[in-house]
Amino acid sequence: MTDRAALARLDVVLLGLLATGERTGYDVWKWFEGRGSFVGYSAATSQIYRQLGRFVERGWAAPAAAARSGPDTKLYRITDAGRERLDEWVSSPYVPSRRPLDPDFQVRLRFAGSRSPEKALELVRTELAFRRQAEENMDRSFDELLVSSDAGPAERRWSGEWYLMQGERGHYMVSSLIAWLEATERRLAAMVGRG
């Protein structure tokens, strides 16, 4: 992987957390298990430690003097090169995922959106436009491939009803997401307007 390759989610989370202060691998893991659970992505401690080691190799992080003692006292701080790489990611275009609850949006919103209300508004508007378009173009017709060719009338009715229920679940989830995006867009637009 070259330094200019796309950043993986764990790269973004680690750089984002290091940008706010020195951290140990255990600190990062604790964040994932607590408040970080809302980004919809997690990592094992072994992944975290390996990636922090790679960051040091790439020059994106450096060991910091640890004032505390314990099983994991190796602190890492972001370097100028790491901050530059994070800034490049923040400035890169956001392309929404087809899956409405994909962690990419949550990670992007948490670490890029926190830069400014303007950046957060840009991200929310991009996601909102994409979700509205996807919802408008959704094919809600019954998928015959999900029913065996020798199914009787009762099984076909049940399959159709079950398909409808699952489609409604997806529709309600996306509708809730769209409602949140709309409310957040209004709030951010008001903040930017007061600027």
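The coordinates are above.
Owing to the predicted nature of the structure, the values given are computational and were not obtained by experimental measurement. (Residues numbered from 1 in each chain as written. Predicted model: local features only at pLDDT ≥ 70, side-chain atom pairs only at ≥ 80, totals over all residues. Heavy atoms only, no water.)

Undergrad: Could you clarify how one ought to interpret the packing of aromatic side chains in this entry?
TA: Note on aromatic pairs: each is described by the distance of the centres and the angle between the planes. Following the criterion strictly, the structure yields six aromatic pairs and no others. Judged by centre distance (5.9 Å) and plane angle (40°), the rings of Y94 and F105 are tilted. A residue pair is termed long-range when its members are at least 10 positions apart, and Y94 in the loop between helix 4 (80-91) and helix 5 (103-111) and F105 in helix 5 qualify at 11 residues. Three or more aromatic residues joined by ring pairs form one cluster here, namely W31, F32 and F111. Over the ring of W60 we find R58; its NZ or CZ atom is 4.8 Å from the centre of that ring. (Phe/Tyr/Trp six-rings, centres within 6.5 Å; stacked < 30°, edge-to-face > 60°. Helix = DSSP H or I, 4+ residues; strand = E, 2+ residues; numbered from the N terminus. Lys NZ or Arg CZ within 6 Å of the ring centre and 35° of its normal.)

Undergrad: So what exactly am I meant to see when it comes to the side chain of R108 here?
TA: For R108, the location among the structural elements is in helix 5. Within the buried core, R108 has no salt-bridge partner, and the shortest N-O distance to an opposite charge, that of E122, equals 7.2 Å. Polar contacts involving the side chain of R108 include one to the main-chain carbonyl oxygen of S92, which spans 3.2 Å. Setting aside residues no more than four positions away along its own chain, R108 makes contact with W89, V90, S92, P93, Y94, G113 and L123. (Buried < 20%, exposed > 50% of the residue type's maximum accessible area, 1.4 Å probe, protein only. Lys, Arg positive; Asp, Glu negative; His and termini not counted. Salt bridge = Lys/Arg side-chain N within 4 Å of Asp/Glu carboxyl O. Polar contact = N/O pair within 3.5 Å; in protein donor to acceptor, adjacent residues only side chain to side chain. Contact = heavy atoms within 4.5 Å.)

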